[in-house]
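Spelled out from the first residue to the last, the chains are:
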Amino acid sequence: MKANIVLLPGDGIGPEIVAEARAVLDAVAAEFGHALSYETHLIGGSAIDAHGTALPEVTLEACRRADAILLGAVGGPKWDDPAAKVRPEQGLLGLRKAMGLYANLRPVKPHPRLLSASPLRPERLEGVDLLVVRELTGGLYFGQPRLRETRADGTTRAVDTLEYTDAEIRRVVALAFRLASGRRKKVTSVDKANVLESSRLWRQVASAVGKDHPAIALEHQLVDSCAMRLLTHAREFDVIVTENLFGDILTDEAAVLAGSLGMLPSASLGDGKCGLYEPIHGSAPDLAGKGIANPLGTILSAAMLLRHSLELPAEAAAIERAAFRAVDEGVLSADLGGRASTREMGEAVRARLGSHA
Ligand code: IPM
Ligand code: MG
């Protein structure tokens, strides 16, 4: 097949990890006989430097034409001025919103070899296999009003708003149920319904969607309790579906289960085929340019790209198997307690692609 992929390396370690993931995609394409073409565009801080905006029109236009988008990371100390009007994160948030990518899939399945890389006891990690579906274009990230004002008496106030419509909740929860039907058939809907009105609506809509899926067990959990259970009873989760900021926080926490934030991929999906694929970690400015960042989160995101946007499940599985084996055989970057460079990790995955199951 032919596909057009937009690469958005972004800032910090972004270009290094995206280069490895692209090389893995090329190797898979060669092996399976696909023609992948790429366009590379600016986003985030590097786009601010070149164009004065974190999401230039040319970047967004290219993404709208693409079959799929692979992103590295955005942000860095250079653009971190809290008073700045333009920020790198606006590029990513704007792209998710403009493309209608309302569901962010973040799978967490600790590799057996990495159990000791987690500060949690191994018996808490064994058998963990969960998928967080984070709502991505609404909630506290996008609600209005959103403002900061200084009053005449000198006090300053700032407002963010947690806002959802029933339709916004329904579409992401429905996707969580569809995904659960191909897994262990359990959905945990996470909210703060004991306090927040938006969460009471969330819970009501989730229950209604649950009625359409009698074969799938639905449980509701409060977000504070979920945060705790992720560390004490992670094995009990299958699919977790939740509000934008709750999902942001819970997935960084869940990364502790996997031993490193560097391991976790994500897929952001909407109603169309084109998705945005990115590791869940940030731009790690302290590692940038050193060639030591872990590229597996991005490489595994490329696998998700093949599965969800290009409908190439065998090719996706080939990457996942190769990455699993590389780690299994001890090819580990610094975050995993090893010494492999970014390039060596990428090469280790490519070298293991040929070995079909
Ligand atoms: C993530 C990141 C982003 C988010 C930042 C960079 C805006 O933390 O993808 O989890 O908060 O969504
Ligand atoms: Mg985050």
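Residues numbered from 1 in each chain as written. Chains lettered and ligands numbered in written order. Predicted model: local features only at pLDDT ≥ 70, side-chain atom pairs only at ≥ 80, totals over all residues. Heavy atoms only, no water.

Colleague: Lay out the overall build of the protein chain in plain terms, naming residues and giving numbers.
Modeller: Each helix and strand counted, the protein chain has 12 helices and 12 strands in total. Against the compact-globule benchmark of 21 Å for 357 residues, the protein chain has a radius of gyration of 20 Å, which places it among compact chains. Over its C-alpha atoms, taken along the principal directions, the protein chain stretches across nearly 60 × 50 × 40 Å. When burial is assessed residue by residue, the protein chain has 52% of its 357 residues classed as buried. The contacts in the protein chain between residues at least 6 apart in sequence include a share of 75% that link residues at least 24 apart. Only carbon and sulfur atoms are counted for the fraction: they give 54% of the accessible area of the protein chain, which is about 15100 Å². (Helix = DSSP H or I, 4+ residues; strand = E, 2+ residues; numbered from the N terminus. Rg over C-alpha atoms; globule rule 2.2 N^0.38 Å. Buried < 20%, exposed > 50% of the residue type's maximum accessible area, 1.4 Å probe, protein only. Contact = heavy atoms within 4.5 Å. Areas by Shrake-Rupley, 256 points an atom, 1.4 Å probe, with all protein chains shown as cover.)

Colleague: Please provide a residue-by-residue account of the environment of Glu 31, values included.
Modeller: Within the element layout of this structure, Glu 31 appears in helix α1 (residues 14-32). When the C-alpha positions of Glu 31 and Leu 353 are compared, they lie 8.6 Å apart, and in sequence the two are 322 residues distant.

Colleague: I'd like a rundown of the domain arrangement of the protein chain, residues and numbers included.
Modeller: In terms of domain boundaries, the protein chain breaks down into domain 1 (1-101 + 264-357) and domain 2 (119-258). Here the C-alpha centre of domain 2 lies 24 Å away from the C-alpha centre of domain 1. Domain 1 puts 7 residues into the contact, and the matching count from domain 2 is 9 residues. A buried area of about 850 Å², summed over both sides, lies between domain 1 and domain 2, and 71% of it is on carbon and sulfur atoms. Counting across the interface, domain 1 meets domain 2 through 0 salt bridges. Broken down by element, the residue count for the side of domain 1 that touches domain 2 peaks at 3 residues, all from helix α4 (residues 89-98). When the residues that make up the side of domain 1 that touches domain 2 are grouped by side-chain class, the tally is 4 nonpolar, 1 polar and 2 charged. (Domains from an automatic or database assignment. Buried area = accessible area lost by both parts, 1.4 Å probe. Salt bridge = Lys/Arg side-chain N within 4 Å of Asp/Glu carboxyl O. Nonpolar A, V, L, I, M, F, W, Y, C, P; charged D, E, K, R; others polar.)

Colleague: So what about the packing of aromatic side chains? Which residues, and what values?
Modeller: Under the counting rule described, the total for this entry stands at 1 aromatic pair. Lying over the aromatic face of Phe 142, Lys 97 brings its terminal NZ or CZ to 4.7 Å of the ring centre. (Phe/Tyr/Trp six-rings, centres within 6.5 Å; stacked < 30°, edge-to-face > 60°. Lys NZ or Arg CZ within 6 Å of the ring centre and 35° of its normal.)

Colleague: Go over the pattern of salt bridges with me, naming the residues and quoting the values.
Modeller: Taken as a whole and assessed by the stated rule, the structure comprises 25 salt bridges. Between Glu 39 and Arg 65 there is a salt bridge whose closest N-O contact spans 3.3 Å. With Glu 39 in strand β2 (residues 35-40) and Arg 65 in helix α3 (residues 57-65), this pair connects stretches of sequence that are 26 residues apart. Residue classification places Glu 39 among the partly exposed positions, given a relative accessible area of 24%. Overall, the relative accessible area of 52% leaves Arg 65 in the exposed class. Linking Asp 238 and Arg 183 is a salt bridge whose minimum nitrogen-to-oxygen distance equals 2.8 Å. One end of the pair, Asp 238, is in the loop between α8 (223-232) and β10 (239-242); the other, Arg 183, is in the loop between α6 (166-181) and β8 (186-191), with 55 residues separating them in the sequence. On the basis of relative accessibility, which here comes to 26%, the residue Arg 183 falls in the partly exposed class. Taken together, the salt bridges that share partners define one network made up of Asp 129, Arg 183, Arg 184 and Asp 238.

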